[in-house]
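Examination of the molecular architecture
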Amino acid sequence: MGGIIASFGFFFLPLLELKPNRLASGIPFELLQLGGDTRYIILFLLTFIVLAVALNRTTETRGWTLVALGNTMMFLTLFLGALAGANLIGNAETLLEGVNLRNPRILPSAGLILGLVGGYVTLFGGLSDLRKAKTPRVALIVAAWSGLALILIFLLTGQFDIYSVMVEFRARGELLGNRIVEHIMFVGVALIIGFVLGVGLGLWSFRDERMAPIILYVVGIIQTIPSLALFGVLLVPLARLGDRSASSIFLFLLVTAVIAALAIFLYRRFVQSFGPRLRQAFLIVTALLSAVPLALFVVLLSSFVFRSSFVVFTADGTVFASFRTLLSAMLLVSIALWLISRYLKKGLLKRIMRYGGLGGLALFGLTLLLAVGIGSSQFLSRVDSFAALTVRDLGVSGIGTAPAVIALTLYSLLPMVRNTYAGLVNVDPAITDAGRGMGMTPSQRFFQIELPIAFPVIMAGVRNAAVSLVGIGAIASVIGAGGLGDFILSGIDNASIDQILLGAIPAVILATLLDAGLRGLEQIFTSPGIKQV
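Description of the structure in this document. Keep in mind that what you see is a predicted model, and the values were worked out from it rather than measured. (Residues numbered from 1 in each chain as written. Predicted model: local features only at pLDDT ≥ 70, side-chain atom pairs only at ≥ 80, totals over all residues. Heavy atoms only, no water.)

Between helix H8 (residues 212-224) and helix H14 (residues 401-425), whose axes approach to 8 Å, the crossing angle comes to 145°. For the pair H8 and H14, the crossing hand works out as left-handed. Residues Ala 212, Ile 215, Leu 216, Val 219, Gly 220, Ile 222 and Gln 223 of H8 lie in contact with H14, whose contacting residues are Leu 410, Tyr 411, Leu 413, Leu 414, Val 417, Arg 418 and Tyr 421. (Axes fitted to C-alpha atoms, helices over the stretch in contact; angles between N-to-C directions. Helix = DSSP H or I, 4+ residues; strand = E, 2+ residues; numbered from the N terminus. Left-handed = near helix turned anticlockwise from the far one by under 90°. Contact = heavy atoms within 4.5 Å.)

Right, here's the structure in full:
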């Protein structure tokens, strides 16, 4: 399949497009139009070799051959394309005769994209064969990442700077870095809050079957609201909230928290004396009263922490640069120690590595809190006194990150609630009955039986929500939330493919890495007994 995809792109579609400048349309060039150089014939030959190798019946030999061909195809598609682009740039005055040339560029076209896709499909097919042949895991990792590592080396050394996307990156790389940090932060904050709320609502639905249709219906309705409409709905109330003084909001938060605590006490005290309908109505009212102070507190806290963290990760200055370096080193070392401990046999060294990694992560968290505290003091320093402090100073306003985080959190609820509910409902009752017969308490049955069995299904919902939030987060740029959507929308406004790709490619990579990271966490925390089922 990979050979067919790549050959279709190489034979019938343009490989590159020569543009006189960033905005103007250019001239497309197919692979066969790059005359005078026989090196490009290699790409044609690779596609035919892939088709021939696919007929080999020896699984391991076919797997290694396809892996080598897939890595080679992806690398040569970019490398030979860069060489062809350099030749086109050198002859731009002849090829674009009569056109006003201002910084001519090479835009990758459909043929090059299909060549990369074909190489990846070929690589994937080879890895599948190697898994069937029970190839060692280390060899699989080397086979899967060797081609990408070579591409990254050439990318970092400037060998692919001829492509227009890299030209745009060189010009706006620092700004892109800040936008990536913004995107990761508000997607991460929304995902964490959504995870807590989604799993909690899913558990509530599982425990109370009468509430399950109501909760699932509400989160389903939220999912149908267009993102732009939801941003617009949040604009006015958050703008008015931002104009209020912080002292009045804290007083309101305290009063509503006391009322919610009183409602919870009354419900727990008199719940047994209520009828079924009255009990359900009282439960809904109690939940709503509790949701008001909780939602307000989460909005204030998440906005404040977001602004403080953004200062730490993007601001100039020796202090914050030192914090960023220290945090990066601590995180990488901690993860490395913890991962090494997983592959060591039981013993003192394994315990040292594991506890060293966990201790490093704890130290990373404390250092991050210290950095956030220093960052918060920077943007609060312009406030004269607590009486003059407004909610807007804490980061809540009609535009910016607050409505983006709220909207993304709401969009993350449906997959998390549904998967949590489905995972818990589908636990075999016979297993929980066995736990009850062994004398387990309800909490023990939940944490030792129900939750471990439902965990893979819950994590599938988390991964689904995470990938969706990365894409939806790009739209948050229209309300001033920043992120990668700034480049995408700017590229659409200016009809610049380069800017669109500069925002879209990191978003795709971010979604892929986030899904892979969550899948890795799922593999780590899933019970070994569940994996064997």
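Here the focus is the environment of Thr 441. Relative to the assigned elements, Thr 441 resides in the loop between helix H15 (429-437) and helix H16 (442-473). Since its relative accessible area comes to 35%, Thr 441 is described here as partly exposed. As a C-alpha pair, Thr 441 and Leu 361 span 80 residues in sequence and 33 Å in three-dimensional space. Separated by 3.2 Å, the side chains of Thr 441 and Ser 443 make a polar contact. (Buried < 20%, exposed > 50% of the residue type's maximum accessible area, 1.4 Å probe, protein only. Polar contact = N/O pair within 3.5 Å; in protein donor to acceptor, adjacent residues only side chain to side chain.)

This next bit is on the packing of helix H7 (residues 164-207) against helix H18 (residues 497-525). Running from N to C, H7 and H18 cross one another at 40°; their axes reach a closest spacing of 9 Å. The angle between the axes of H7 and H18 places the two elements in the oblique class. By crossing handedness, the relation of H7 to H18 is classed as right-handed. The segment H7 lies against H18, with Ser 164, Val 165, Glu 168, Phe 169, Arg 172, Leu 176, Ile 180, His 183, Ile 184, Val 187 and Leu 191 engaging Asp 498, Gln 499, Leu 501, Leu 502, Ile 505, Pro 506, Leu 510, Leu 514 and Leu 518. (Parallel < 35°, antiparallel > 145°, perpendicular 65-115°, else oblique.)

This part takes up the pattern of salt bridges. Across all of its chains, the model carries ten salt bridges by this definition. When the shortest N-O distance is used, the salt bridge between Asp 129 and Arg 62 registers 2.8 Å. Separated by 67 residues along the polypeptide, Asp 129 in helix H5 (residues 110-132) and Arg 62 in helix H3 (residues 59-90) bring together distant segments of the chain. Accessibility classification places Asp 129 together with Arg 62 in one group, the buried group. Asp 161 serves as the salt-bridge partner of Arg 170, at 3.1 Å between the closest nitrogen and oxygen. Sharing partners across several salt bridges, the network here consists of Arg 179, Glu 182 and Asp 486. (Salt bridge = Lys/Arg side-chain N within 4 Å of Asp/Glu carboxyl O.)

Assignment of secondary structure puts Ser 227 in helix H9 (residues 227-243). When the C-alpha atoms of Ser 227 and Ser 468 are compared, they prove to be 12 Å apart, with 241 residues separating the residues in sequence. Contact partners of Ser 227, with chain neighbours within four places excluded, come to Tyr 411, Ile 472 and Ile 475.

We now examine H14. Each full turn of the α-helix corresponds to 3.6 residues, which orients residues three or four apart in the same direction. With 25 residues, H14 should reach 36 Å at 1.5 Å per residue; the first-to-last C-alpha distance of 36 Å fits that figure. Remark: the principal bend of H14, roughly 30°, maps to Leu 413, with a proline, Pro 415, within the next four residues. (Expected span 1.5 Å × (residues − 1). Bend = angle between axes of the 7 residues up to and from the residue.)

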